[in-house]
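Observations on the model geometry
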Amino acid sequence: MLLSSAAPARPSVFRLFQLLPTMALTLAATLASVPDALAQTPTQTQTPAQAQAPAAQHGQAVLRDFRFHTGEVLPELRLHYTTLGSPDKPAVLILHGTNGSGAALLNPAFGGELFGPGQPLDASRYFIILPDGIGTGQSSRPSEGLRTRFPRYNYEDMVRAQHQLLTQHLGVRHLRMVLGYSMGGMHTWLWAQQYPDFMDIAVPMASLPVPMSGRNWMLRRLVIDSIRNDPAWQGGQYTQQPPSLAFASVYFNLATNGGNQGLYQLAPTREKADQLLNQRLQAPFRGDANDHLYQWEASGDFDPSPGLERIRARLLAINSADDERNPPELGLMERELRRIPHGQLLLVPGGPDTSGHGTLAQARRWKGAVEALLKTAPVVGAP
């Protein structure tokens, strides 16, 4: 389902809108059964197009005396990043989800559908930038030694650091598009209003442009409290990972990811439900308690709603109808999109073969709509 926020007084938006309904129907018709994308590892067989994609390059930027929203200053904040393609091509920023990394988005289900020859973000035509957010991946994070002395960061700090990475380290002055999934989607809402002339297109996915609230925050709070209340956490000075972290993470993912129909297909009996739960509880868990604690707490004051009118980019919000963290029946997206001059919504239908909040980690479900927008969106600001 594709909806537009444009009022009749804005015919230019409708011309763009008219290009996409067929695309949306095609996306809905071609949904296929796949496991939860957030639990996948990039081990699937590559197609020839995927195999020919340019090799990824890795680097790091060191931001000196980075000041956080709390007033704390870190003498050196390191941001790791992955790139595809040449810096002389139009730049595209891709942002990952909570506790993820940029490189993880190169998996076949996401990057394998986007960055190869002839694909929507063909890396021979675009300069693809995939940074690791503050506190995760290979960027500076609490587990590297500072532990609870690491500055408290929020999403605005993370976005400002990404902007410095682009402008001060990579020399990027303009983005053709910023696209983000889950936490990266929330970052995209902030990018589009804090740097309104910096991008032509903004694609926030699996997110809402409203304050962190409802089930989304309550379940995050339970993860946070589970870590802090675990005696093994020892105020962040633990010698072994608190066992509550792995348990709370499994609980959170089952409660807010997978889709009602999708999970039922995987576990239609009590025996199969127990088997699935046991598999997840017994799977190796490599996360760090302080890193996870900081990542979840960073979302607590997220609220892009005051600045939505500042957005100038062509904005395509993409959500899934069965997203447990961002339920469409609340009507929040439609309400807020009316405030954005060029805002649209692509709502991917839910079904037995979708996976709730994890649905949009499968790029084939929405890449056609993004490709159409790349072909039609004008340049917002001069490079």
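In this report, the structure presented in the accompanying data block is examined. Within each chain, residue numbers correspond to sequence positions counted from 1 in written order. Local features in a predicted model are, by the rule used here, given only for residues with pLDDT of at least 70; side-chain atom pairs are given and counted only at 80 or more, and totals for whole chains, interfaces and linings are based on all residues. Side-chain figures throughout are based on the complete set of non-hydrogen atoms in the structure, without hydrogens or water.

1. Thoughts on the nonpolar core
Grouping buried Ala, Val, Leu, Ile, Met, Phe, Trp, Tyr and Cys residues that are joined through side-chain atoms within 4.5 Å yields what is termed a nonpolar core. Partly exposed residues are those whose accessible area sits between 20% and 50% of the maximum for their type, while under 20% is buried and over 50% is exposed, using a 1.4 Å probe and protein chains only. Membership of the largest hydrophobic core comes to 51 residues, with the highest contact counts inside it found for Ile134, Leu175, Trp189, Trp191 and Met199. Contacts are assigned to residue pairs that have any heavy atoms within 4.5 Å of one another. Excluding residues within four positions of it along the chain, tryptophan 191 makes contact with Leu93, Leu95, Val159, Gln162, His163, Leu166, Leu175, Val178, Pro196, Phe198 and Met199.

2. Details of a nonpolar patch on the surface
Where nonpolar side chains cluster on the molecular surface, the patch consists of Leu222, Phe247, Tyr251, Leu277 and Leu281 and spans about 480 Å² of accessible area. Sorting the residues of the nonpolar patch by element identifies helix H7 (243–256) and helix H9 (270–282) as the ones contributing at least two each. Only DSSP runs of H or I with at least four residues qualify as helices, and only runs of E with at least two residues qualify as strands; both kinds are numbered from the N terminus onward. Relative to the elements of secondary structure, leucine 222 occurs in helix H6 (residues 214–228). Like charges are joined within 9 Å and nonpolar side chains (Val, Leu, Ile, Met, Phe, Trp, Tyr) within 5 Å, but only among residues with over 30% relative accessible area and no salt bridge; these make up the patches. For accessible areas, the Shrake-Rupley method is used with a probe of radius 1.4 Å. Any residue's cover is judged against the shown protein chains and nothing else. Salt bridge, as used here: a side-chain nitrogen of Lys or Arg that lies within 4 Å of a carboxyl oxygen of Asp or Glu.

3. Considering the packing of H6 against H7
Packed helices, taken two at a time, are described by the angle between their axes plus the distance between the axes. Between N-to-C directions, angles span 0 to 180 degrees; the directions come from axes that are lines fitted to C-alpha atoms, helices contributing only their stretch in contact. Taken N-terminus to C-terminus, the directions of H6 and H7 make an angle of 170°; their axes are 8 Å apart at the nearest point. Considering the angle they form, H6 stands roughly antiparallel to H7. In contact with Arg215, Leu219, Arg220, Val223, Ser226 and Ile227 of H6, H7 contributes Ser244, Leu245, Ala248, Tyr251, Phe252, Ala255 and Thr256. Asp, Glu, Lys and Arg are counted as charged, while Ala, Val, Leu, Ile, Met, Phe, Trp, Tyr, Cys and Pro are counted as nonpolar; the rest, among them Gly, fall into the polar class. A breakdown of the residues in the contact of H6 with H7 according to their chemical character gives eight nonpolar, three polar and two charged. Comment on the angle field: the value is read as roughly parallel under 35 degrees, roughly antiparallel over 145, roughly perpendicular from 65 to 115, and oblique elsewhere.

4. Describing the side chain of aspartate 230
One can find aspartate 230 in the loop between H6 and H7. In this tally, Asp and Glu contribute negative charge and Lys and Arg positive charge; neither His nor the terminal groups of the chain are included. One buried charged residue, aspartate 230, remains without a salt bridge, the closest side chain of opposite sign being arginine 228 at 13 Å. Polar contacts here mean pairs of N or O atoms no more than 3.5 Å apart (in protein, one a potential hydrogen donor and the other a potential acceptor; neighbouring residues in sequence count only if both atoms are side-chain atoms). Engagement of the side chain of aspartate 230 in a polar contact is seen with the backbone nitrogen of alanine 232, the distance being 2.9 Å. At a separation of 2.8 Å, a polar atom in the side chain of aspartate 230 contacts the side chain of serine 244. Not counting residues within four places of it along the chain, the set of residues in contact with aspartate 230 comprises Pro242, Pro243 and Ser244.

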